[in-house]
Amino acid sequence: MEAVAFMKVWGGLISAGLSAVSAISSANQQKAASKYNQQVAENQAIAARQQAGANAEMQRRSSEKKIGSMQASYAASGVSIEGSALDILEESARNAEMDRQNIIYGGELRAIGSEGTAMLEKSQGERADFWLSECRWFFVQSRRFILCFVRRKRKWRKWWRGWRRWFEIWRW
């Protein structure tokens, strides 16, 4: 009878130890994946801002060329740059600036979304780190329990009776 109980305890301890090792491995992988995903998201935010800046600069140059060609065509056709021609040029310049600002705004929105993803990945990594520390604690405590049991192997029957009484008292 005691041998069966002994085997159940050892089987449970071995199972708990293997579960702890598996949980530690899983938490390490989750932490590494979260750190990598956080770095990727931060890089995407930087790239979104840089891309928006480059696109806005291209838009500015293109609009300057268009407005310059409009001024040249007005001058070639003999239209003076005042009145409605001036209003058209000013409206074109305002629209070009609005387009440039919209490009920058869109890039900033993409960057903010990527930064939010980075913060989420960081919190998942911290949560994995917390579980990693908890699993390590459990593993250390299980190891201490097993070493205590092994060191007392000559007195294991007496030791097991004490634990059996404890289990019987706390059994529901």
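Anything mentioned here points back to the structure above.
Remember, it's a predicted structure, so these values are computed and weren't measured experimentally.

A. Focus on the overall build of the protein. Per the secondary structure count, the protein includes three helices and zero strands. In the protein, the succession of helices and strands from N to C terminus is α-α-α. Counting the 172 residues in the protein, one finds 20% classified as buried. Across the protein, contacts joining residues at least 24 apart in sequence account for 81% of those joining residues at least 6 apart. Taken as a whole, the protein presents about 12700 Å² of accessible surface, with 59% of it coming from carbon and sulfur.

B. Layout of the pattern of salt bridges. Taken as a whole, this structure holds eight salt bridges when the rule is applied. The partner of Arg100 in a salt bridge is Glu97, with the nearest N and O atoms 3.0 Å apart. Of the two residues, Arg100 and Glu97 both sit in helix H2 (residues 84-151), three residues apart, roughly one turn of that helix. Its relative accessible area of 35% is what places Glu97 among the partly exposed residues.

C. Up close: the environment of Ile81. Positionally, Ile81 belongs in the loop between helix H1 (2-77) and H2. Considering only alpha carbons, one finds Ile81 and Gln71, ten residues apart in sequence, at a separation of 7.7 Å. Setting aside chain neighbours within four positions, we find Ile81 in contact with Gln71, Leu86 and Leu89.

D. The side chain of Ser63, seen in detail. Structurally, Ser63 can be placed in helix H1. At 2.9 Å, the side chain of Ser63 and the backbone oxygen of Arg60 are in polar contact.

E. View of the environment of Arg49. Position of Arg49 among the secondary structure elements: in helix H1. Sequence separation between Arg49 and Gly106 is 57 residues; the distance between their C-alpha atoms is 9.0 Å. Apart from the residues lying within four places of it in its own chain, the contact partners of Arg49 are Gly107, Glu108, Ala111 and Glu115.

Cut-offs and rules
- Residues numbered from 1 in each chain as written.
- Predicted model: local features only at pLDDT ≥ 70, side-chain atom pairs only at ≥ 80, totals over all residues.
- Heavy atoms only, no water.
- Helix = DSSP H or I, 4+ residues; strand = E, 2+ residues; numbered from the N terminus.
- Buried < 20%, exposed > 50% of the residue type's maximum accessible area, 1.4 Å probe, protein only.
- Contact = heavy atoms within 4.5 Å.
- Areas by Shrake-Rupley, 256 points an atom, 1.4 Å probe, with all protein chains shown as cover.
- Salt bridge = Lys/Arg side-chain N within 4 Å of Asp/Glu carboxyl O.
- Polar contact = N/O pair within 3.5 Å; in protein donor to acceptor, adjacent residues only side chain to side chain.

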